[in-house]
Amino acid sequence: MRSELIVCLLIFITLGVFGDGTDEMKTEEVKKVEGESATLHSGVQEYHQISWMLGPEDRNIATCRSNTDETQSCDITDERLRDRLKIDDQTGSLTIINISKELTGLYKLQIFNSSKKLSHKEFNVTVSEAGLETDHTKLKLGLGLGLGLLGLLVLVSVVICCCCCRNAGRNGDVYQYVKNGGIVFRKISSRSDEESPSGNNE
């Protein structure tokens, strides 16, 4: 019986039932216009160590460490990006300044919390040109205004049709719908026209 328990315990450990001390990877899409700033939030307030990496080669660009006096210190480790990156000592969040296409890509974050448990986050940063984004915005605005005007014309046509039909019913007039470059209602007969001949005969 004891040997069976030991075998089951070994199987559970092998399958990772007790976990490997890491959290599930989380990926966040970050879309910016060229020239803007983008902040990649770590989502933590306390940590033991933080590492930021960029690109498929996982190049280390920034690190943060918790000191023995319970303070935190961070540093941009990539000299080429010192004037383009800022990092918050308290949270380890990374800010990209004046973002450009050269700074796009996959940013990976490794966090060791105070219990030295490892967690991961990923940020897929993409950048679009400012003029292109403006053109897309204008196109969307133009389409929206066009659809709005079309809907207004349809509504006005329906209201006119209802009013003419209501008046025709009250006065006994008969209207003919004519469409020739627009909407026209032409009266073809009325109750007074139908009654006038009988009055003359009398």
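This text goes with the structure placed above it.
Residues numbered from 1 in each chain as written. Predicted model: local features only at pLDDT ≥ 70, side-chain atom pairs only at ≥ 80, totals over all residues. Heavy atoms only, no water.

### Here's the deal with the sheet that holds strand β2 (residues 38-40)
What counts here: Being paired, for any two strands, means DSSP has found at least two bridges between them. Each helix is a run of DSSP H or I of at least 4 residues and each strand a run of E of at least 2, with the numbering of both proceeding from the N terminus. Note on geometry: axes are C-alpha line fits, over the in-contact stretch for helices, and angles between N-to-C directions span 0 to 180 degrees.
What the three strands build is an open sheet, ordered β2-β7-β6; its pairing is antiparallel. Edge positions in the sheet fall to β2 and β6 (85-87), since each has one partner strand and no second. If you compare each strand with its neighbour and ignore which way they point, the axes differ by 20 degrees on average. By the bridge criterion, three bridges tie β6 to strand β7 (residues 94-96) in an arrangement that is antiparallel. Its bridge partner being in β7, Ile87 is matched across the sheet by Leu94.

### Here we look at the nonpolar core
In summary, soluble globular proteins display a tendency toward joint burial of nonpolar side chains. Just so we agree on the cut-off: By convention a nonpolar core is built from buried Ala, Val, Leu, Ile, Met, Phe, Trp, Tyr and Cys residues, the set being connected through side-chain atoms within 4.5 Å. Throughout, exposure labels follow a simple rule: accessible area from a 1.4 Å probe, protein chains only, divided by the maximum for the residue type, with under 20% read as buried, over 50% as exposed, and the rest as partly exposed. Between two residues, a contact is recorded if the distance between any of their heavy atoms is within 4.5 Å.
Membership of the largest hydrophobic core comes to 26 residues, with the highest contact counts inside it found for Leu40, Ile50, Trp52, Ile61, Ile87, Leu94 and Tyr107. Counting only elements with at least two residues in this core, the list comes to β2, β3 (49-54), β4 (59-66), β5 (72-76), β6, β7, β8 (105-112) and β9 (118-128). Among residues more than four places away in sequence, those in contact with Tyr107 are Leu40, Trp52, Met53, Leu54, Ile61, Leu94, Ile96, Lys121, Glu122, Phe123 and Val125.

### Side note on the pattern of salt bridges
The condition is simple: Salt bridges are counted wherever a side-chain nitrogen of Lys or Arg sits within 4 Å of a carboxyl oxygen of Asp or Glu.
Counted by the stated rule, this structure contains seven salt bridges. The partner of Lys108 in a salt bridge is Asp58, with the nearest N and O atoms 3.2 Å apart. On the criterion of sequence distance, the pair formed by Lys108 in strand β8 and Asp58 in the loop between β3 and β4 is long-range, its members being 50 residues apart. We classify Asp58 as partly exposed; its relative accessible area is 31%. Of the charged contacts, one joins Glu79 and Arg82 as a salt bridge, the two residues approaching to 2.9 Å between their closest N and O atoms. Assessed through its relative accessible area of 37%, Arg82 is described here as partly exposed. A network of salt bridges, in which partner residues are shared, links Glu57, Arg59, Asp78 and Arg80.

### So, unusual backbone geometry
Of note, Asp58 is a non-glycine position whose phi angle comes to about 55 degrees, a positive value. Even without being a glycine, Lys116 presents a positive backbone phi close to 60 degrees. Here Lys116 shows up in the loop between β8 and β9.

### Observations regarding the pairing of β5
Burial along β5 is one-sided: Gln72, Cys74 and Ile76 are buried, and none of Ser73 and Asp75, which face the opposite way, are. In this sheet, β5 lies alongside β4 in antiparallel orientation, the contact comprising five bridges. Bridge pairing in β5 places Ser66 opposite Gln72. With antiparallel pairing between neighbouring strands as the criterion, β4 and β5 make up a hairpin whose turn holds five residues, including Glu70 at a positive phi of roughly 65 degrees.

### A look at the state of the cysteines
Where we set the bar: By convention in this document, the label disulfide applies to cysteine sulfur atom pairs within 2.5 Å.
This structure, assessed with the given rule, holds one disulfide. A disulfide bridge connects Cys64 with Cys74, and the sulfur atoms are separated by 2.0 Å. Taking the sign of the S-S torsion, about 115 degrees here, the bridge from Cys64 to Cys74 comes out right-handed. In this pair, Cys64 sits in strand β4 while Cys74 sits in strand β5, placing the two residues 10 residues apart along the sequence. The same class applies to Cys64 and to Cys74, which are both buried.

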